[in-house]
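Letter by letter, the chains look like this.
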Amino acid sequence: MKVHPKLPMPEALTSSTPGTWAHDTMSRRVEKDILQRLEEENEAEFKTPEFSSSKMKLSDLREELRTSSIIRHVEGSGEDLEDWRRAMADVVSKQETYLTAPWLTAEFYVYRRVLECFDYFNPASLTFRFDPFVKQKRSGLQTSVASSEALLKKFSKLPSQSTDQAPGLRLAILSALWGNKMDLSIWPANDVGDVDVFSEILEGASGNLLWDDTERLIGDMLERGRGEKCANRVHIVVDNAGFELVTDLALADFLVSSGVASSVTFQLKKHPTFVSDAMESDLLETVEYFGNLGSGNPYCASAASRWKEYLKNGQWICSEDFYWVQPHPMWDMPSSLSSKFSQTCDVCFVKGDANYRRLLGDLKWDYVKDSFQNVVGSYFPCDVVALRTLKAEVGCGMAEGSVEAAKAKDPSWQVDGKWGVVHYGKKGL
């Protein structure tokens, strides 16, 4: 039996209100920024015969977005088609448009339609398994080296882990949180360049937490991790490739090397989506790329050596699932996946904004009055940590004073990625 939030369900966010980030995303940003950039980055491919059909289909999709057309079912190939028919049944039957449909559903749907344009799942197609976002992801990886080298150096300078694990765990958690700021769907890699921009972000972000359960989480993880046979089994629901993925790997590295965790399972996307969202191939490519950097980046190279060993000996596990690329709220998690969490996971870190929106069902919860424990902790199949920088007008469980301060300082506080939360929900409370 599925478990739902304890609180009455509010209404879902749509993209129908001009002036909101949701409206700007579905009426302009996806079409004019993201899909336009996709066309430009794949310009060479579109000039070849095998991609001519893809270019026409992508142009048609962009026109649908420009005119906010009525949404149809996903077509073509793919073992996920039946899942998508169920996900879109209500939207299609009501003849919803890109602006009137629930925002989360419409946004996930667009990225699945992009794969339809490229006939991604058809083994007979010349574009089979072509990742239309791979150039942006690789650019993000290449420009992450300076920030990654500086961050990994910080971990090497920590006190001995045998005497005090809290400083390292704190650094790992907050790095993974603020690494989410480096989202390629909002800030393309070539806007950043290969410089260490993250150190400044990390140092200046301490006052921008709207809720912070870090110390309570550290206390519980260290208490559970005492003793060789009692280490935490951790899952990380990964968000973006590029530098953010490096911060996730650094978190997993610290957890395993310190003995706080016995294993880390990375929950990854089954196919390309949301520009920079990470698949298993992106994780493995990151490890390999860092391993080949050599003596000019010794901390990256040293970390890659450890990461390869974790993958080889099974302390790190990669798991892909179609569920992570679909718009279902997380209380509708399939039983096969929910059982894995309840049986093999003590603490699950859920990364990023889109995953956070799914934790909340993309519903209009009260930012202050509705606690994360009542909304998420009450149904999630294990203890859950949300590490999220705000990039959408949805949230819960924030401190009233902090929210008011953010409003006063920053008119775009809900969407500009400058404000964050560390939410911790306990199973069964």
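Residues numbered from 1 in each chain as written. Predicted model: local features only at pLDDT ≥ 70, side-chain atom pairs only at ≥ 80, totals over all residues. Heavy atoms only, no water.

- In the nomenclature of an unreviewed UniProt entry, the chain corresponds to Sugar phosphate phosphatase from the organism Triparma verrucosa.
- Regarding the chain, the UniProt comment filed under Function (unreviewed entry) reads as follows: "Metal-dependent phosphatase that shows phosphatase activity against several substrates, including fructose-1-phosphate and fructose-6-phosphate. Its preference for fructose-1-phosphate, a strong glycating agent that causes DNA damage rather than a canonical yeast metabolite, suggests a damage-control function in hexose phosphate metabolism." (UniProt positions renumbered as here; feature names shortened; annotations may be inferred.)

**Notes on the nonpolar core**
It is characteristic of soluble globular proteins that their nonpolar side chains tend to be buried jointly.
Okay, step 1: With 75 residues, the main nonpolar core has L359 and F380 as its most contacted residues.
Okay, step 2: A per-element tally of this core places helix α5 (residues 103-117) first, with 9 residues.
Okay, step 3: If we skip the residues at most four places from it in the chain, F380 touches M330, M333, C348, V350, L359 and K427.
Okay, step 4: L152, L249, C300 and A303 belong to the second-largest nonpolar core, a separate cluster that totals 55 residues. (Core = buried A, V, L, I, M, F, W, Y, C linked by side-chain atoms within 4.5 Å. Buried < 20%, exposed > 50% of the residue type's maximum accessible area, 1.4 Å probe, protein only. Helix = DSSP H or I, 4+ residues; strand = E, 2+ residues; numbered from the N terminus. Contact = heavy atoms within 4.5 Å.)

**A look at unusual backbone geometry**
Okay, step 1: Positive phi, normally seen in glycine, also occurs at F274, with a value near 50°.
Okay, step 2: Residue position: F274 is located in the loop between β3 (261-269) and α12 (280-291).
Okay, step 3: Although it is not a glycine, V275 adopts a positive phi angle of roughly 65°.
Okay, step 4: Note on placement: V275 falls in the loop between β3 and α12.

**Digging into helix α6 (residues 134-142)**
Okay, step 1: Those residues of α6 that fall on the buried side of the exposure criterion are V134, Q136, K137, G140 and L141. Down the axis of α6, the smallest arc covering the buried residues is 165°, so these residues share one side.
Okay, step 2: Buried residues in α6 make contact with α1 (21-41), α7 (145-156), α11 (243-258) and α12. (Arc of directions from axis to C-beta.)

**Digging into the pairing of strand β5 (residues 347-351)**
Okay, step 1: Among the 5 residues in β5, 5 count as buried, and that is most of the element.
Okay, step 2: Of the two faces of β5, the one lined by V347, F349 and K351 and the one lined by C348 and V350 are each fully buried.
Okay, step 3: Judged from the 4 bridges that link them, strand β2 (residues 232-237) and β5 form a sheet pairing that is parallel. In the strand pairing of β5, I236 is matched with F349.
Okay, step 4: Sheet topology note: the β5/strand β6 (residues 383-389) ladder contains 5 bridges and is parallel. Note that in β6 the partner of V347 across the bridge is D383. (Pairing = 2+ DSSP bridges.)

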